[in-house]
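What follows is the residue order along each chain.
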Amino acid sequence: METPRCRIVVLISGNGSNLQALIDSSRASNFKIVAVISNKPEAYGLQRAKHEDIPTQIIDHTTFESRTKFDKALADTVEDINPELIVLAGFMRILGNSFVMRFKGRILNIHPSLLPKFPGTNTHKRAIDSGDKEHGVSVHFVTSELDGGPLIAQEKVPVLKDDTPQALAARVLEKEHIIYPKVVSWFASGRLKMKNNDAMLDDEKLLLSNVLIQSQK
Ligand code: GAR
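Further remarks concern the sheet that holds strand 10 (residues 204–205). The antiparallel open sheet is built from three strands, whose spatial order is 8-9-10. Looking at strand neighbours, the two that pair on one side only are strand 8 (192–195) and strand 10, the edges of this open sheet. Sheet topology note: the strand 8/strand 9 (residues 198–201) ladder contains four bridges and is antiparallel. Bridged to Lys193 within strand 9 is Met200.

Residue Pro116 is reached from Leu115 by a cis peptide bond, and omega for that bond is 10 degrees. If you trace the backbone, Pro116 turns up in the loop between strand 5 (107–111) and helix 5 (123–129). Unusually for a residue other than glycine, Asp147 sits at a positive phi of about 50 degrees. Among the structural elements, Asp147 can be located in the loop between strand 6 (134–141) and strand 7 (151–158).

Before going further, it helps to spend a moment on the side chain of Asp163. Along the chain, the position of Asp163 falls in the loop between strand 7 and helix 6 (165–188). Reaching out from Asp163, the side chain makes a polar contact with the side chain of Arg171 at a distance of 2.7 Å. Once you skip the residues sitting within four places of it in the chain, Asp163 turns out to touch Ile128, Pro158, Leu168 and Arg171.

A few words now on the pattern of salt bridges. One pass over the structure, following the stated rule, counts 14 salt bridges. Residues Asp76 and Lys72 are paired through a salt bridge, measuring 2.7 Å at the closest nitrogen-oxygen approach. Residue Asp76 and its partner Lys72 are both found in helix 3 (residues 67–81); the two are separated by four residues, about one turn of the helix. Taking relative accessible area as the criterion, Asp76 reaches 28% and is therefore assigned partly exposed. Owing to a relative accessible area of 48%, Lys72 belongs among the partly exposed residues under this scheme. Its salt-bridge partner being Glu79, residue Arg102 comes within 3.2 Å of it at the nearest N-O pair. Taken together, the positions of Arg102 in helix 4 (residues 97–102) and Glu79 in helix 3 put the pair 23 residues apart, joining distant regions of the chain. Assessed through its relative accessible area of 42%, Glu79 is described here as partly exposed. Sharing partners across several salt bridges, the network here consists of Lys72, Asp76, Glu79 and Arg102.

Let us look at helix 6. Between its first and last C-alpha atoms helix 6 spans 33 Å; for 24 residues at 1.5 Å apiece the expected length is 34 Å, and the two agree. At Glu176, helix 6 is bent by approximately 25 degrees, the largest bend along its length. Buried within helix 6 we find Leu168, Ala169, Val172, Glu176, Ile179, Tyr180, Pro181, Val183, Val184, Ser185, Trp186 and Phe187. At the C-terminal side of helix 6, Gly190 shows a positive phi close to 90 degrees.

Let us look at the site of the ligand. Around the ligand sit Asn15, Gly16, Ser17, Asn18, Gly90, Met92, Ile110, His111, Pro112, Leu173 and Glu176, and that is every residue in its neighbourhood. Measuring from an oxygen atom of the ligand, one finds a side-chain N or O atom of Ser17 at 2.6 Å. Backbone polar atom of Asn18 to an oxygen atom of the ligand: 2.9 Å apart, as the coordinates give it. Residue assignment for the shell around the ligand shows that the elements contributing at least two residues are helix 1 (17–26), strand 5 and helix 6.

Next up on the list: the nonpolar core. Note on soluble globular proteins: their nonpolar side chains tend to be buried together. Counting residues in each nonpolar core, the largest one holds 42 residues, and the members touching the most others are Val10 and Ile152. Ranked by residue count, the leading element in this core is helix 6, at eight residues. With 20 residues, the next largest nonpolar core counts Ile37, Ile59, Phe99 and Ile107 among its residues.

Taking burial as the measure, the seven residues of strand 1 (residues 6–12) include six buried ones, the bulk of the element. The β-α-β motif built from strand 1, the intervening helix 1 and the parallel element strand 2 (residues 31–38) has right-handed crossover chirality.

What follows deals with the pairing of strand 6. Buried residues dominate strand 6, accounting for seven of its eight residues. Where strand 5 and strand 6 come together, four bridges link them in antiparallel fashion. Each residue of the ladder has a partner; that of Asn109, found in strand 6, is His140. In this sheet, strand 7 lies alongside strand 6 in antiparallel orientation, the contact comprising seven bridges. Paired with Glu134 across the strands is Pro158, a residue of strand 7.

About the thresholds
Residues numbered from 1 in each chain as written. Predicted model: local features only at pLDDT ≥ 70, side-chain atom pairs only at ≥ 80, totals over all residues. Heavy atoms only, no water. Pairing = 2+ DSSP bridges. Helix = DSSP H or I, 4+ residues; strand = E, 2+ residues; numbered from the N terminus. Polar contact = N/O pair within 3.5 Å; in protein donor to acceptor, adjacent residues only side chain to side chain. Contact = heavy atoms within 4.5 Å. Salt bridge = Lys/Arg side-chain N within 4 Å of Asp/Glu carboxyl O. Buried < 20%, exposed > 50% of the residue type's maximum accessible area, 1.4 Å probe, protein only. Expected span 1.5 Å × (residues − 1). Bend = angle between axes of the 7 residues up to and from the residue. Near = heavy atom within 4 Å. Core = buried A, V, L, I, M, F, W, Y, C linked by side-chain atoms within 4.5 Å. Right-handed = clockwise from strand over helix to strand, strands pointing away.

If you want it as structure tokens, here you go:
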């Protein structure tokens, strides 16, 4: 009999290249994507999901009169699907406290910077403009603090002379596609948990000083 795989829902807003990396690795991994939800009807990631016969839903935030109502509709939809994990993959809406509390410790996000540097948007341009020599990607548990939940793993890329935000983003994305499936599989196997607002891997607290090393595992 097939071992049951961890049921994940992926939330997207756009291209969905991270979704594709998750789809590809899920074929031989311990998690299964049971649904993809987009807040944007035109998100290309929806086509990627349909191509794999993964059920999709659109919850268009522009059709709701408030952020709270959008959050509730999204949370109700997710709850109906009953996943073990919610994976934000280029999902460009801030989730309110009520959503986050409802699925506490079960939401992951990927962010294109070495957090706590550059939360928010335009991270690649901000890294170049700051004269940083290194940039990268972070995966963290989602809490109500924007891009501020406990860090799980990071990968670095060098910022090159004459780099453009587009070129830098492409190099960071390559790392994202490796790091995110790896972290999701840690969660799926029960190795990764959030406890008292800390990320724990194999019962050890992940500290900022070791998330880079952890991502190599
Ligand atoms: C990725 O770079 C992801 O880290 C970023 O959006 C991009 C989505 O690409 N997410 C955020 O900025 C969230 N704050 P994709 O749609 O091709 O996966």
